[in-house]
Amino acid sequence: MKRLMVRTKLIYTITLGMFLMSTGLLQAQEAQQQAYKTPLSKLELKSGDSIVFLGDSITHQCLYTQYVEDFFYTRYPKMRLKFHNAGVGGAKAWDALARFDRDVAAYHPKYVTVLLGMNDGQYQPFNEAIFQTYYNDMKELITKIEAIKATPILMTPTMFDARAARMGTRKRDPSAVELYNSVLAYYGAWLREVAAESGFGFVDMYGPLNNITIAARQKDPHFTLIRDAIHPDEPGQVVMAVALLSDMNVQRQVSRITISEKANGEPAAVVRGGKLTDLVYDADGVSFTWLADSLPWVVPQDAQLGAELTKLGHRMSQEALSIHGLPAGRYELTIDGEVAGQYSNTNLAQHIELQGNSKTPQYQQAMKVALLNQERNDGPVKAKRNIWRAFQQFARNKRKLDAEEGEKNTQKLEGLEKQLAGQEKTIQESEAAALALEDKIYEVNQPVARKYVLKKVAAGKKQK
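None of the values given here were measured: they were computed from a predicted structure. (Residues numbered from 1 in each chain as written. Predicted model: local features only at pLDDT ≥ 70, side-chain atom pairs only at ≥ 80, totals over all residues. Heavy atoms only, no water.)

K.L.:
What is the right way to look at the packing of helix 9 (residues 206–216) against helix 10 (residues 234–247) in this model?
P.N.:
Each pair of packed helices can be summarised by the angle the axes make with each other and by the distance between the axes. Relative to each other, helix 9 and helix 10 sit at 135°, their axes nearing to 9 Å. Looking at the two axes, helix 9 sits oblique to helix 10. Here helix 9 runs over helix 10; the crossing is right-handed. Side by side, helix 9 and helix 10 meet where Pro-208, Leu-209 and Ile-212 of the first sit next to Gly-236, Val-239, Met-240 and Ala-243 of the second. Classifying every residue of the contact of helix 9 with helix 10 gives six nonpolar, one polar and no charged. (Axes fitted to C-alpha atoms, helices over the stretch in contact; angles between N-to-C directions. Helix = DSSP H or I, 4+ residues; strand = E, 2+ residues; numbered from the N terminus. Parallel < 35°, antiparallel > 145°, perpendicular 65-115°, else oblique. Left-handed = near helix turned anticlockwise from the far one by under 90°. Contact = heavy atoms within 4.5 Å. Nonpolar A, V, L, I, M, F, W, Y, C, P; charged D, E, K, R; others polar.)

K.L.:
Hey, could you run me through the nonpolar core in this one?
P.N.:
Looking at soluble globular proteins, one finds that nonpolar side chains tend to be buried together. Counting residues in hydrophobic clusters, the biggest one holds 101 residues, and the most contacted among them are Tyr-64, Phe-72, Met-138, Leu-141, Met-205 and Trp-297. With nine residues, the top contributor of residues to this core is helix 8 (residues 174–198). Among residues more than four places away in sequence, those in contact with Met-205 are Tyr-64, Leu-115, Met-155, Thr-156, Thr-158, Met-240, Ala-243 and Leu-244. Among the nonpolar cores identified, the runner-up in size contains 21 residues, and Tyr-281, Phe-288, Trp-290 and Leu-326 belong to it. (Core = buried A, V, L, I, M, F, W, Y, C linked by side-chain atoms within 4.5 Å. Buried < 20%, exposed > 50% of the residue type's maximum accessible area, 1.4 Å probe, protein only.)

K.L.:
Honestly, helix 6 (residues 128–147) in this entry has me stumped. Any pointers?
P.N.:
In an α-helix, one turn spans 3.6 residues; hence positions three or four apart end up facing the same way. Relative to the 28 Å expected for 20 residues at 1.5 Å per residue, helix 6 spans 28 Å between its end C-alpha atoms, a close match to the ideal helical length. The inward-facing, buried residues of helix 6 abut strand 1 (50–55), helix 4 (93–98), helix 5 (100–103), strand 3 (111–115), strand 4 (151–155) and helix 8. The backbone nitrogen of Ala-129 lies 2.9 Å from a side-chain oxygen of the residue at the head of helix 6, namely Asn-127. In the stretch just after helix 6, Lys-149 is the one whose phi turns positive, near 65°. (Expected span 1.5 Å × (residues − 1). Polar contact = N/O pair within 3.5 Å; in protein donor to acceptor, adjacent residues only side chain to side chain.)

K.L.:
Can you help me understand the pattern of salt bridges in this one?
P.N.:
Two side chains with opposite charge may pair up if their charged atoms get near one another. Tallied over the entire structure, the rule returns 14 salt bridges. In this structure, the salt-bridge partner of Arg-385 is Asp-103, at a minimum N-O distance of 2.7 Å. Taken together, the residues Arg-385 in helix 14 (residues 361–402) and Asp-103 in helix 5 connect sequence positions 282 residues apart. Glu-431 is the partner of Lys-384 in a salt bridge, and the nearest nitrogen-oxygen pair spans 3.1 Å. With Lys-384 in helix 14 and Glu-431 in helix 16 (residues 423–444), the pair connects residues that are 47 residues apart, well separated along the chain. On the basis of relative accessibility, which here comes to 9%, the residue Lys-384 falls in the buried class. (Salt bridge = Lys/Arg side-chain N within 4 Å of Asp/Glu carboxyl O.)

K.L.:
It is not clear to me how the sheet that holds strand 13 (residues 352–353) should be interpreted in this structure. Could you clarify?
P.N.:
Strands pair in a sheet through their backbones, by hydrogen bonds, and they do so in one of two ways: parallel or antiparallel. Overall, mixed pairing links the four strands, which are arranged 7-6-10-13 in an open sheet. Bordering the open sheet on either side are strand 7 (267–272) and strand 13, each of which pairs with just one other strand. Here strand 10 (residues 318–323) pairs with strand 13 via two bridges, running antiparallel. Residue pairing in the sheet places Ala-320 in a bridge with Glu-353 of strand 13. (Pairing = 2+ DSSP bridges.)

K.L.:
I'm lost on empty space enclosed by the protein in this one. Help?
P.N.:
Gaps between atoms show up when a probe of the same size as a water molecule is rolled over them. For the coordinates displayed, the defined rule picks out three cavities of 30 Å³ or more. Here the largest cavity is characterised by a volume of approximately 70 Å³. Contributing to the lining of the largest cavity are Trp-290, Ala-292, Ser-294, Leu-295, Glu-319, Gln-362, Gln-365, Pro-447, Val-448, Arg-450 and Tyr-452. The set of elements that each furnish at least two residues to the lining of the largest cavity consists of strand 9 (285–292), helix 14 and strand 14 (450–456). (1 Å grid on protein atoms, 1.4 Å probe; cavity = no way out; pocket = protein on both sides within 12 Å on 5 of 7 lines; lining within 4 Å. Points joined across faces, edges and corners; volume = space filled by probe spheres on them.)

K.L.:
Which parts of the structure should I look at to understand unusual backbone geometry?
P.N.:
Note on backbone geometry: most residues besides glycine have negative phi, and most peptide bonds are trans. Phi at His-108 takes a positive value of approximately 45°, unusual for a residue other than glycine. Here His-108 lies in the loop between helix 5 and strand 3. Despite not being glycine, Asp-336 has its phi angle at roughly 55°, a positive value. Structurally, Asp-336 can be placed in the loop between strand 11 (330–335) and strand 12 (338–344). Overall, the relative accessible area of 34% leaves Asp-336 in the partly exposed class.

Right, dumping it as structure tokens:
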């Protein structure tokens, strides 16, 4: 009996130990799984939210940021967001840290997009010491963004176009020309890892620019989106804007209207993205009134190539119209009395897309928005960025002088500070002017009810 009790106790002890061990392993596994974060997959925005675009000269150009703003102005006309461009030509990650409090934190952003690295790599083959400086400064920058309760959206450095560099007249180190695009790819791959592990947003700017370029060069070996090898031109900046919005999974469709005739002869409509009224479907054609929730996303003429290369309208701004059951023939569509185009009954049954049709009043309305925003960015927004360029030079000089000693250096610092005496006034004046133009944008960007009329075209009648 005594041996049985000892054996029973031993079995109990072993079983309990195994249970506790398995429970401990399970808890450890659960804790590890809970530590993993899900990367940001979608922008969650409401009126009053602020987005800061932090970067270097590619952001200072006020182009991809402008096109992203155009998207939100037209797609969400009832939601007023706050946009702040925080790009400065020549900036490295350290420079962003130097101006962070006034140029980022002061705007209380919900999201901060970060496009840095082009200058940090110093336009030479990969150098571990240089990368470590970028690594440390970026980690500090990310920590500061999180400290103000904003979500970082890390974006890969854009493409360095080696072929454009070779075609240009500027003298460059051949090894840097050959290898620098690969250096930027390395920097971007590290940023992707940081974003994935930390639960940040991530945007691949590098891939789309490189992929579109190599595809276009299959037809034209001289093709480039980056004539100076570093700064994407307007079409390239559209590619960047599409990449940002695509990777952040914004709403892509403007509207879809599907109209048919029931067996009893009554018209029926299934719609998305607006309100349809006054529907008539008879032997003469179809007519209705359409009040959309939003406008199509369009970009100024100098950026149109980018819209074509990215299929911007179809992918990000589709206005689809389908009409089923029409007798065979061609039909002319007018919107508010203006001819938008002619379409066969077969095309109408499949669906037509109107977002890229410059003849429609909604496209023309959206273009007014884009041109107003172009004026806003070319004027007061860029003026504010230029004063920050002066601050950047001041901060760099101050950093250098702080490392030295002597009364002479103190005098130099005082002189540098005097040069920035009017900075805050310039910032405030620029912001007031930008806000006045934005007020105009929100007057222009409000959708209005449009009258659609589709009538069969007499045989032989050509489209005007």
